[in-house]
Amino acid sequence: LSLLLVATALVDTDAETNTSASVVPCDPCIDRSQVKIGCVHHGIPSQDVFWQLMDSAIAQGAQDMGIDLRYEPIADLTLDPGDESSVEDYMSDRIRNLCSGEDKVSGIFVSLPSPNIVDALNVCREAGIPAIVFNAGFNTAEANGYQFIGQNEYQAGLEAGKGLGKAVVESGQDGTSTFCCINHAPGVGVLTNRCGGFEDGLAGALETVLVYRYTDVHVEPNDCSSFDDAILTNCSPAANENGDWSSVGLYFAGEANHACGVKFLQNYPLAYSVASDVSQDLYLGMNEGLRIVFGIDQQTYLQGYLPSSFLTLASTNDQIVQNDSIETGPKLITETPSDHYQQCKANGYAVCDADGGGAETSASSSLRILPLFTVFNKMSFCILAIISNWLL
């Protein structure tokens, strides 16, 4: 009988230890549907294919964790997406609302296109709510002590400058070369950092090798005619190059530029280029043999998918990844991936339902599997009870 009591005490002690580590009750298991995770970002999925994939990742990450996701895309609201201050004000208000009141979230992840939003995020920190910065705001997150999931955009631009400069030099170019950062969002920190890194990368690769000129070109990515005019006005070969486009290097600094950018390269196939992000348009240009040195994959899906996992475990398990930043890029893509991979990306990496059919639409949060140690404890309890009865 005493052996049975000892076994019971051991099981109870384990249960108490596990419960104390969780915000959400975990006896007999953690109900993740009680975990509320907020998301606020500056992207406009209805206008930008990049953010369509990001939103797919955000939704899938929340669904796989079985949590309650609190997220409203900017495009679904009465808001002028072209007004930067309006977007910042909306994001700041939304962050504050999610982190206050009786229905506040258990964790939150946000993009930081501007340092002006940090004060709102600090409200979450003061309320004891775990917060992650994703996609945009590497430097701001680092300066303010927030974990970042995404790409160091300056480093991505630096790689673009080094790679494109090297390609032009290796082509045998010895005159005056022209390099342009094709910027579809002037003033936005992500693009400023990419173009700044690009310019520095060129300097490191070319300073003692080649005479060149650099220009930051602002373009309208949804109007290819205007897009072409901007490049022709600012990036045409130097006068002494006699119209030779092999002396020109173009950095398409975001996926929004890919469609018009590839069309431009089809008309000027001697030009060299690199691109931030990857897309079906970029792969098409690579397959055609255009002089696209590489695309820079920041692995967008990871950026949208991981925060829900990290924040859920921080809330329920009190376990937090200790790295200041989880860098998802830059990953250089020098050739087109397989058709299989391209199909998966085009589908937004949609996950089949439990029957192997269409994409899942709801989380299977009703399925609960007891941890192995819990099963073992219960089996041990039963075995000890049988032994005790036999001894008596």
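Everything discussed here concerns the structure shown above.
Throughout what follows, the structure given in this document is the object of discussion. (Residues numbered from 1 in each chain as written. Predicted model: local features only at pLDDT ≥ 70, side-chain atom pairs only at ≥ 80, totals over all residues. Heavy atoms only, no water.)

Moving on, we come to the packing of helix H9 (residues 258-267) against helix H10 (residues 280-287). The N-to-C vectors of H9 and H10 enclose an angle of 20°; their axes lie 8 Å apart at closest approach. If you check the angle between H9 and H10, you find them roughly parallel. Viewed along their axes, H9 and H10 form a crossing whose handedness is left-handed. Judged by residue contacts, His258, Ala259 and Val262 of H9 engage Asp281, Leu282 and Gly285 from H10. Partitioned by chemical class, the residues of the contact of H9 with H10 number 3 nonpolar, 2 polar and 1 charged. (Axes fitted to C-alpha atoms, helices over the stretch in contact; angles between N-to-C directions. Helix = DSSP H or I, 4+ residues; strand = E, 2+ residues; numbered from the N terminus. Parallel < 35°, antiparallel > 145°, perpendicular 65-115°, else oblique. Left-handed = near helix turned anticlockwise from the far one by under 90°. Contact = heavy atoms within 4.5 Å. Nonpolar A, V, L, I, M, F, W, Y, C, P; charged D, E, K, R; others polar.)

All right, on to the nonpolar core then. Ranked by internal contacts, the top residues of the largest apolar core, which has 25 residues, are Ile182, Ile231, Leu250 and Phe252. Of all the secondary structure elements, the ones that give two or more residues to this core are strand E6 (176-183), helix H8 (224-235), strand E8 (248-252), H9 and H10. For Leu250, the contacting residues outside a window of four places in its chain are Leu164, Cys180, Ile182, Ile231, Cys235, Phe264, Leu265, Tyr272, Ser273 and Val274. Core analysis: the second largest hydrophobic core is formed by 24 residues, Cys99, Val105, Val110 and Leu121 among them. (Core = buried A, V, L, I, M, F, W, Y, C linked by side-chain atoms within 4.5 Å. Buried < 20%, exposed > 50% of the residue type's maximum accessible area, 1.4 Å probe, protein only.)

Scanning the entire structure with this criterion turns up 4 disulfides. The disulfide bridge from Cys180 ends at Cys235, spanning 2.1 Å between sulfur atoms. Disulfide Cys180 to Cys235: torsion about the S-S bond roughly -125°, handedness left-handed. Taken together, the residues span a long stretch of sequence, with Cys180 in strand E6 and Cys235 in helix H8 at a distance of 55 residues. In this structure Cys235 comes out as buried when scored by relative accessible area, which is 0%. In this model, Cys181 is linked to Cys195 through a disulfide, with the two sulfur atoms separated by 2.0 Å. On the sign convention where negative is left-handed, the bridge of Cys181 and Cys195, at about -70° about the S-S bond, is left-handed. In this pair, Cys181 is assigned in strand E6 and Cys195 in helix H7 (residues 189-206), connecting sequence segments 14 residues apart. Comparing Cys181 with Cys195, the two get one shared label, buried. Among the cysteines around Cys352, which has no disulfide bond, Cys344 carries the closest sulfur, lying 9.5 Å off. (Disulfide = S-S within 2.5 Å.)

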